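# Topology and contacts: notes
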Amino acid sequence: MTSLTSQHLRILAPAFVIEQLPHDASPGDGWQVLVRAPEGLTVVREAPPAGPPEEERWIAFYGGATAHDLDVPGMLAAIVKPLAEAAVPVFVASTVHADLVLVPRQRREQAVMALREAGHQVEEQK
């Protein structure tokens, strides 16, 4: 992997949930990501402590430490490709500067290992 696509990823805390709401729904408070598409509103928010079961929780890798302009090719692919090769599902949201890649919480160790083997630095949020 080239140094251009090798990234410093932080695991954000706490866990997240991904919800699908009707198109005209209001997401309420506490959301992190909103995407409104023809089929409805997708909401990513922090998982409540007594909320959904473990298998419905996601962790997020954020590449803000290696922020990049929109015209830099391959940054998201460099993260998603090793996860796909390790058969780890992803949900992605991007900002102007970096990408937020969510993986199922129970696949955390597998995702961390795949990303590190691909040359990425992965650290816990402090």
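In case you missed it, the structure is sitting above this.
Residues numbered from 1 in each chain as written. Predicted model: local features only at pLDDT ≥ 70, side-chain atom pairs only at ≥ 80, totals over all residues. Heavy atoms only, no water.

## A look at helix H1 (residues 75–85)
Owing to its 3.6 residues per turn, the α-helix aligns residues three or four sequence positions apart on the same side. By the burial criterion, the buried members of H1 are Met75, Ala78, Ile79, Pro82 and Leu83. Taken down its axis, H1 places every buried residue within 120 degrees of arc, on the same side. Exposed and facing more than 90 degrees away from the buried side of H1 are Lys81, Ala84 and Glu85. Those residues of H1 that are buried are in contact with strand E1 (8–21), strand E6 (99–104) and helix H2 (108–117). Positioned one or two residues after H1, alanine 87 has a phi angle of 60 degrees, which is positive. (Buried < 20%, exposed > 50% of the residue type's maximum accessible area, 1.4 Å probe, protein only. Helix = DSSP H or I, 4+ residues; strand = E, 2+ residues; numbered from the N terminus. Arc of directions from axis to C-beta. Contact = heavy atoms within 4.5 Å.)

## With respect to the packing of H1 against H2
The geometry of H1 relative to H2 is characterised by a closest axis approach of 9 Å and an angle of 125 degrees between their N-to-C directions. Judged by the angle between their axes, H1 and H2 are oblique. At the point where H1 passes H2, the crossing takes the right-handed sense. Between H1 and H2, the contacting residues are Ile79, Pro82 and Leu83 on the first element and Ala111, Ala114 and Leu115 on the second. Here the residues of the contact of H1 with H2 are counted per class, giving six nonpolar, no polar and no charged. (Axes fitted to C-alpha atoms, helices over the stretch in contact; angles between N-to-C directions. Parallel < 35°, antiparallel > 145°, perpendicular 65-115°, else oblique. Left-handed = near helix turned anticlockwise from the far one by under 90°. Nonpolar A, V, L, I, M, F, W, Y, C, P; charged D, E, K, R; others polar.)

## A closer look at the pattern of salt bridges
Enumeration over the complete set of coordinates arrives at five salt bridges. A salt bridge links glutamate 85 to lysine 81; its shortest N-O distance comes to 3.4 Å. Pair noted here: glutamate 85 and lysine 81 are both in helix H1, with a separation of four residues, about one helical turn. Among the ionic pairs, arginine 108 bridges to glutamate 109, the shortest N-O distance being 3.6 Å. It is possible to trace a salt-bridge network through shared partners that takes in Arg108, Glu109 and Glu124. (Salt bridge = Lys/Arg side-chain N within 4 Å of Asp/Glu carboxyl O.)

## Comments concerning the pairing of strand E4 (residues 58–62)
Buried residues dominate E4, accounting for five of its five residues. On E4, burial covers both faces: Trp58, Ala60 and Tyr62 on one face and Ile59 and Phe61 on the other are all buried. Relative to E4, E1 runs antiparallel, the two being bridged by four bridges. Directly across from arginine 10, in E4, lies its bridge partner tyrosine 62. (Pairing = 2+ DSSP bridges.)

## As for the side chain of aspartate 99
Looking at where aspartate 99 falls in the secondary structure, it is placed in strand E6. Nearest to the buried, unbridged aspartate 99 among oppositely charged side chains is arginine 10, at 13 Å. Polar side-chain contacts of aspartate 99 include one of 2.5 Å to the side chain of serine 94. Other than its neighbours up to four places away in sequence, aspartate 99 contacts Phe61, Tyr62, Gly63, His68, Met75, Leu76, Ala93 and Ser94. (Lys, Arg positive; Asp, Glu negative; His and termini not counted. Polar contact = N/O pair within 3.5 Å; in protein donor to acceptor, adjacent residues only side chain to side chain.)

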